[in-house]
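One letter stands for each residue in the lines below.
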There are 2 protein chains.
Amino acid sequence: MALRHAVLAALLDGEYSGYQLAKAFDVGVANFWHALPQQLYAELARLEKEGLVAGRQVVQESRPNKRLFHVTDAGRAELEKFAEAAAKPSFIRDDLLVKVQAADRIGTGPVIGQLEERALAAEAKIELLGKLLGQLRGDADEEEYLRRGERIGPYLTCLRGLSFEQEHRDWCLRIAAVLRERQVTRADH
Amino acid sequence: MALRHAVLAALLDGEYSGYQLAKAFDVGVANFWHALPQQLYAELARLEKEGLVAGRQVVQESRPNKRLFHVTDAGRAELEKFAEAAAKPSFIRDDLLVKVQAADRIGTGPVIGQLEERALAAEAKIELLGKLLGQLRGDADEEEYLRRGERIGPYLTCLRGLSFEQEHRDWCLRIAAVLRERQVTRADH
DNA sequence: GCATCATAGTCAAGAAAATGACTAGTCATA
DNA sequence: TATGACTAGTCATTTTCTTGACTATGATGC
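Residues numbered from 1 in each chain as written. Chains lettered and ligands numbered in written order. Predicted model: local features only at pLDDT ≥ 70, side-chain atom pairs only at ≥ 80, totals over all residues. Heavy atoms only, no water.

## A few points about the protein's contact with DNA strand D
(1) Moving on: As a structural note, the neighbourhood of DNA strand D is formed by 22 residues, with Met1(A), Gln38(A), Tyr19(B), Tyr41(B) and Gln60(B) the closest of them.
(2) Moving on: Near the protein, meaning within 4 Å, the atoms of DNA strand D are sugar or phosphate in a fraction of 70%, with bases accounting for the rest.
(3) Moving on: Here a phosphate oxygen of DNA strand D and a backbone polar atom of Met1(A) are 2.5 Å apart.
(4) Moving on: Here a phosphate oxygen of DNA strand D sits 3.4 Å away from a polar atom, N or O, in the main chain of Arg67(B).
(5) Moving on: Where the surface near DNA strand D is concerned, the elements lending two or more residues are α3 (37-49) of chain A together with α2 (18-24), α3 (37-49), β2 (66-71) and β3 (91-93) of chain B.
(6) Moving on: Counting residues per element, the surface near DNA strand D draws most heavily on α2(B), which supplies three residues.
(7) Moving on: Its residues assigned to classes, the surface near DNA strand D comprises seven nonpolar, nine polar and six charged. (Near = heavy atom within 4 Å. Polar contact = N/O pair within 3.5 Å; in protein donor to acceptor, adjacent residues only side chain to side chain. Helix = DSSP H or I, 4+ residues; strand = E, 2+ residues; numbered from the N terminus. Nonpolar A, V, L, I, M, F, W, Y, C, P; charged D, E, K, R; others polar.)

This is how it looks when you write it as structure tokens:
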């Protein structure tokens, strides 16, 4: 029951359709939660039934109609309650780390390739988040924005996402280099 | 079907009982995968049925008997296959980040408290991982160990865990400070 | 002129994970 | 001398997530 809170938190910024939310869960929101579109549509339906969000139909020409959702007072109260409860510890789950754990007992070739791909993907995300942060912050410098900005929540989670991706990229590149060098060394003798 | 590979990777270091594995999944292994004891016992049973691990009974006095498991050749082959397949992207899922995303629209008091608790927990994990890395490395310095060490997989994943926890701690402390200062500023006017 | 992408969803099935309760003996401690 | 913590698990239920397929329309590219 935490996806519901992620959805509520994401909707605090305004009205979104399920489709738009799904996009958000692929960029900014991805910094704190991950979900597929199907899950989001299902969760929005549940939330609406419980009165935590409300939707309104928007008729469009030359595009399918959509439903825009916003958080209700009951939804805000639910978030409030959630924020007061103890948080579960966070955890990583990453296929690539599993492969690295096993790396010196199995073929390292494919793992090195995947580490380098991952580093590239992280790099792309870093640029994206950099731009996003710039947009959110506008003209102000970071210190100033964090002190006086209206809505800093998304900025703060993007900061976390940014540092996560940077560390991830650096680690991937370093590990790839280490494994590569060991390949060479082993081929030597 | 990825927990199975995490279990196989964790078992590469030697023989473990389900109980010991559960402990490992709370420390070192937690750097790349998280699972509850019940899941591990169930997965070990499945893996044994499929011949990817084998167990042997160890009779103990003054303690319940246990079964120690090790990876079979078939298990190693399965890991090999897994390593060659494309890795799914990693993702974060963290209650606390959801709360921060919502932070300026809800009461920040409890969130600040949780951020500071989290920072302490991260600090403890950092120390633990520091010791673990020292043990794995032994006398050698890091460069040397990574070049010539026998089994560096667990070391590499612990490095990732360490940098993750450090970033996490720093972020928690910074965000807690930011939110605290905003509380004061808002109380002002 | 045909293919593919983007918008905007829905439905169903199956795999994986989380929750909670329960057994049973040992050891330390208050 | 009972209380709780540690070792070593098991069972059942529920919730959550993932996979894959399917509907429609308009716009864009080759």
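## Section: the packing of helix α1 (residues 3-11) of chain A against α3(A)
Residues and elements named next belong to chain A.
(1) Moving on: Here α1 crosses α3 at 85°, and the two axes come no closer than 10 Å. Here α3 runs roughly perpendicular to α1, going by the angle between their axes. Residue-level contacts link Leu3, Arg4, Val7, Leu8 and Leu11 of α1 to Gln39, Leu40, Glu43, Leu44 and Leu47 of α3.
(2) Moving on: For the contact of α1 with α3, the class distribution of residues is seven nonpolar, one polar and two charged. (Axes fitted to C-alpha atoms, helices over the stretch in contact; angles between N-to-C directions. Parallel < 35°, antiparallel > 145°, perpendicular 65-115°, else oblique. Contact = heavy atoms within 4.5 Å.)

## Quick look at the protein's contact with DNA strand C
(1) Moving on: Of all residues adjacent to DNA strand C, which total 23 residues, the nearest are Tyr19(A), Tyr41(A), Gln60(A), Met1(B) and Gln38(B).
(2) Moving on: Of all DNA strand C atoms lying within 4 Å of any protein atom, the proportion belonging to sugar or phosphate reaches 74%.
(3) Moving on: One of the side-chain nitrogen or oxygen atoms of Gln60(A) is found 2.7 Å away from a phosphate oxygen of DNA strand C.
(4) Moving on: The separation between a sugar or linking oxygen of DNA strand C and a polar main-chain atom of Asn65(A) is 3.4 Å.
(5) Moving on: Broken down by secondary-structure element, the contributors of at least two residues to the surface near DNA strand C are α2 (18-24), α3, β2 (66-71) and β3 (91-93) of chain A together with α3 of chain B.
(6) Moving on: No other element matches α2(A), which puts three residues into the surface near DNA strand C.
(7) Moving on: Grouping the constituent residues of the surface near DNA strand C by class yields eight nonpolar, nine polar and six charged.

## A closer look at the domain arrangement of chain A
Residues and elements named next belong to chain A.
(1) Moving on: For chain A, the domain assignment lists domain 1 (3-84) and domain 2 (95-188).
(2) Moving on: For domain 1 and domain 2, the distance between their C-alpha centroids amounts to 28 Å.
(3) Moving on: Between domain 1 and domain 2, the residue contacts involve eight residues of the former and nine residues of the latter.
(4) Moving on: Here domain 1 meets domain 2 over a buried area of about 590 Å², counting both sides, of which 53% is carbon and sulfur.
(5) Moving on: At the surface where domain 1 touches domain 2, the tally comes to one salt bridge.
(6) Moving on: The partner of Asp13 in a salt bridge is Arg151, with the nearest N and O atoms 2.6 Å apart.
(7) Moving on: Tallied by class, residues from the side of domain 1 that touches domain 2 come to five nonpolar, two polar and one charged. (Domains from an automatic or database assignment. Buried area = accessible area lost by both parts, 1.4 Å probe. Salt bridge = Lys/Arg side-chain N within 4 Å of Asp/Glu carboxyl O.)

## Regarding the relation of the copies chain A and chain B
(1) Moving on: Once chain A has been moved 0.0 Å along the axis and rotated by 180°, it coincides with chain B to within an RMSD of 0.1 Å. Read as a symmetry element, the transformation amounts to a two-fold axis. Proximity to the rotation axis, assessed at the C-alpha, singles out Ile92(A) in chain A; its C-alpha lies 3.1 Å from the axis.
(2) Moving on: Most of the interface of chain A is mirrored in chain B, where 99% of its interface residues are also at the interface. (Least-squares fit on C-alpha atoms with pLDDT ≥ 70 in both.)

## Observations regarding the interface of chain A and chain B
(1) Moving on: If you look at the interface, chain A gives 74 residues, while chain B gives 73 residues.
(2) Moving on: Buried area between chain A and chain B, summed over both chains or domains, comes out near 6,900 Å², and the portion from carbon and sulfur atoms is 56%.
(3) Moving on: Inspection of the chain A/chain B interface yields eight salt bridges.
(4) Moving on: For the pair chain A and chain B, the interface holds 48 residue pairs in polar contact (both at pLDDT 80 or more).
(5) Moving on: Grouping the constituent residues of the side of chain A that touches chain B by class yields 37 nonpolar, 14 polar and 23 charged.
(6) Moving on: Relative to β3(B), β3(A) runs antiparallel, the two sharing three bridges. Residue pairing for β3(B): Arg93(A) is matched across the bridge by Phe91(B). (Pairing = 2+ DSSP bridges.)

## Looking at the packing of aromatic side chains
(1) Moving on: By the definition in use, this model includes three aromatic pairs over all chains.
(2) Moving on: Arranged with centres 6.0 Å apart and planes meeting at 90°, the rings of Phe164(A) and Phe164(B) form a pair that is edge-to-face. Pair noted here: Phe164(A) is in helix α8 (residues 153-188) and Phe164(B) is in helix α8 (residues 153-188), and the two residues belong to different chains.
(3) Moving on: The ring of Phe82(A) carries Lys99(B) above its face, with NZ or CZ at 4.9 Å from the centroid.
(4) Moving on: Taking NZ or CZ as reference, Arg160(B) lies 5.1 Å from the ring centre of Phe164(A), over its face. (Phe/Tyr/Trp six-rings, centres within 6.5 Å; stacked < 30°, edge-to-face > 60°. Lys NZ or Arg CZ within 6 Å of the ring centre and 35° of its normal.)

## A word on the environment of Glu123(B)
(1) Moving on: Position of Glu123(B) relative to the elements: it lies in helix α6 (residues 109-137).
(2) Moving on: C-alpha separation for the pair Glu123(B) and Gly161(B), spaced 38 residues apart in sequence, amounts to 12 Å.

## A word on unusual backbone geometry
Residue and element names in this part refer to chain A.
(1) Moving on: Of note, the phi angle at Ser62 is positive, near 60°, even though the residue is not glycine.
(2) Moving on: Among the secondary structure elements, Ser62 is positioned in the loop between β1 (53-58) and β2.
(3) Moving on: Overall, Ser62 belongs to the exposed group, its relative accessible area being 70%. (Buried < 20%, exposed > 50% of the residue type's maximum accessible area, 1.4 Å probe, protein only.)

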